[in-house]
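# Structural characterization, general
In case you want the letters, here they are:
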Amino acid sequence: MRAAMAGAEVGDNVLDGDPTVRALEQRTAQLLGKPAALWTPSGTMANVIALCLHLQRGDRFLAPRDAHVLLNELGSAAWLAGGMPEAIGTDLGPGRPSPHTLERIISAGRNAPYYALRTSLLCLENTHNAAGGAVIPADEHAQLVATARDGGLSVHLDGARLWNAAVALNVPPAALTVGADSVSVCFSKGLGAPVGSALAGSAEFIEHARRTRQMLGGGVRQGGVLAASCLKALDRMDELATDHANAARLASGLSDLGWDVPTPQTNIVLGAVADVERTLHSLRELDILAMPMAGRVRFVVHRAITSAVIEEALERISTELPSSAVHSTSQAGMRLHL
C-alpha cells in the first residue's frame, strides 16, 4: 500500500483533476451502483456534505438510535447542515428500525401545520457502529427506502462499514444501496487505508457535493497519493471475512470467560462490564488499549489483528484481568485496539 502511494500518478484534484482520485471515484461509484462518487478526507465530511445537500434549514431528519450522524459527528448535521435530528427506535434489533416504526413517525407528521417540523430525510447506517456492527439485510433496506419514499423523504446511507455488511451477507455492495439518494463509504476502517472516504449519488448530486466539499476545506491537491491507498484497500475487501471470523472467536472466548457478549455479525464485538473505568485501567495494564462506546465494551477487529493476537488477548484477559471488573451488573463500554 505504501509503495502504491509513493508511485501514484497525481495531478491537481482541485484545478484539473487527479487521475488516481478519478479512478478511485469511478470504481467506488460502480461498486455502489451509483452514477458518480466523490473522494473526501473523512466519513464525517462525506455525511455532512450529504446532509447539507438534502436538508433545508429547520428540516427534521430521522436516523436509527445511536447512529453515527447523531452521536459521533459533533452536531455537524445541525450546525452545518441546519437539520433537526430525531432518533427512531430499532425494534427489529440493534441498529435496525422497522418499516412500521418509520411509517408511524412519517404519518404523525402528515397534515401538520406550517410551523411544525418538516421531515425530509432518512439516514440509515449499515453496518451500525454503536450496535456492534449490526447488518441491515438487502430486503430490509429496500423496505425502509420504499417507506421513506412513500412518505416523501430522501434517503442517505451512512455506509462507512458497508463493505463489512456486503461480505457478511455475501452480496455485492450495490445490493445494499438500492434506492438511496446518496451513500457514504469509508476506506480506512476494516479495509485499512490510512485516510479516505467517498460520497456517491447522481452526477448532479456529486457536482453539488464537490462545491460543498471545497467550502468545507476538503479539496486537496495531489490527492492521488491518498487515493492509491484506497484503491489497494478495495482490492482487499474479501479479506474482511477473516476479520469477522476473528471477531467471532474473540466473542466466544470472552463469553467463556464470563463476559456478556452477543455473537457479532461483522468485526465489532460488544460486551458489558461491571466497572468501565476499572476495566479500562486493567486492560491498559495489559497493553490492551480500549475506549467506551454506547454503554458497552467495544472490541474492533481489523486487518492488523490476527488470530494469534486474538488468542494472546484472551490469554492475558483470562489470567490477569480481575474477574470482579468483568462480571456485569450494569451496562458499560469500551473499544479494544491491540
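Residues numbered from 1 in each chain as written. Predicted model: local features only at pLDDT ≥ 70, side-chain atom pairs only at ≥ 80, totals over all residues. Heavy atoms only, no water.

## Regarding the pairing of strand β6 (residues 182-186)
To be explicit about the condition: Under the scheme applied here, a residue whose accessible area is under 20% of the maximum for its type counts as buried, over 50% as exposed, and between as partly exposed, the area being computed with a 1.4 Å probe on protein chains only. Put simply, DSSP H or I for four residues or longer makes a helix, DSSP E for two residues or longer makes a strand, and each gets a number counted from the N terminus. If you view a crossover with the strands going away from you and the path from the first strand over the helix to the second runs clockwise, you call it right-handed. Only when DSSP finds a minimum of two bridges between them are two strands counted as paired.
Burial analysis of β6 places 5 of its 5 residues in the buried class, which makes it a mostly covered element. The side-chain alternation of β6 yields two buried faces, one formed by S182, S184 and C186 and the other by V183 and V185. Read from strand β5 (residues 154-159) through helix α8 (residues 162-169) to β6, the crossover connection turns out right-handed. Here β6 pairs with strand β7 (residues 197-201) via 5 bridges, running antiparallel. Residue pairing across strands places S184 opposite L199, the latter belonging to β7.

## What to know about the side chain of S76
Defined as follows: Residue contacts are counted whenever heavy atoms from the two residues lie within 4.5 Å of one another.
Considering the arrangement of structural elements, one finds S76 in helix α5 (residues 76-79). Leaving out residues up to four positions away in the same chain, S76 has contacts with T44, V48 and A81.

## Brief notes about the pairing of strand β9 (residues 289-293)
Sheet topology note: the β9/strand β10 (residues 296-300) ladder contains 2 bridges and is antiparallel. Bridge pairing links P292 to V297 in β10. Between β9 and β10, which pair antiparallel one after the other, the connecting turn spans 2 residues, and A294 there sits at a positive phi close to 55°.

## Describing unusual backbone geometry
In this structure, T127 follows N126 across a cis peptide bond, with omega equal to -5°. Counting through the fold element by element, T127 comes out in the loop between β4 (119-125) and α7 (138-150). If you check the backbone angles, N170 has positive phi at about 60° while not being a glycine. You can see N170 is positioned in the loop between α8 and β6. Positive phi is not limited to glycine here, since D287 has a value of about 60°. Counting through the fold element by element, D287 comes out in the loop between α12 (276-285) and β9.

## Quick word on the environment of E125
Counted only if it meets this: Here a polar contact means two N or O atoms within 3.5 Å. Within protein one must be a hydrogen donor candidate and the other an acceptor candidate, and residues neighboring in sequence count only if both atoms are side-chain atoms.
By secondary structure assignment, the location of E125 is in strand β4. Along the sequence, E125 and A245 sit 120 residues apart, while their C-alpha atoms lie 22 Å from each other. Excluding anything up to four places from it in sequence, E125 contacts A67, H68, I136, L157 and D158. In terms of polar contacts, E125 uses its side chain to reach the backbone amide nitrogen of H68, at 2.7 Å. A polar side-chain atom of E125 sits 2.9 Å from the main-chain amide nitrogen of N129.

## Considerations on the layout of surface pockets
Heads up, the condition is: For cavity detection a 1 Å grid was placed over the protein atoms alone, and a set of points counts as a cavity when a 1.4 Å probe fits there but cannot get out; an open set counts as a pocket when protein lies on both sides within 12 Å along at least five of seven lines, with lining residues being those that have an atom within 4 Å of a point. Grid points are joined across faces, edges and corners, and a volume is the space filled by probe spheres set on the points. Under the convention adopted here, Pro, Cys and the residues Ala, Val, Leu, Ile, Met, Phe, Trp and Tyr are nonpolar, Asp, Glu, Lys and Arg are charged, and Gly plus all remaining residues are polar.
Of the pockets and cavities examined, the largest pocket occupies roughly 400 Å³. P94, A130, A131, G132 and L270 are, among the 23 residues lining the largest pocket, the residues nearest its centre. Examining the composition of the lining of the largest pocket, we find that 3 residues originate from one element, strand β8 (residues 268-271), more than from any other. When the residues that make up the lining of the largest pocket are grouped by side-chain class, the tally is 11 nonpolar, 8 polar and 4 charged. Quantified by volume, the second largest pocket comes out at close to 300 Å³. T44, H68, N129, R161 and K189 are the residues nearest the centre of the second largest pocket, which is lined by 22 residues in total. Every element with two or more residues in the lining of the second largest pocket is listed here: α3 (43-54) and β9. Within the lining of the second largest pocket, the residues separate by chemical class into 7 nonpolar, 9 polar and 6 charged.

What is shown is where atoms sit, not what they do.
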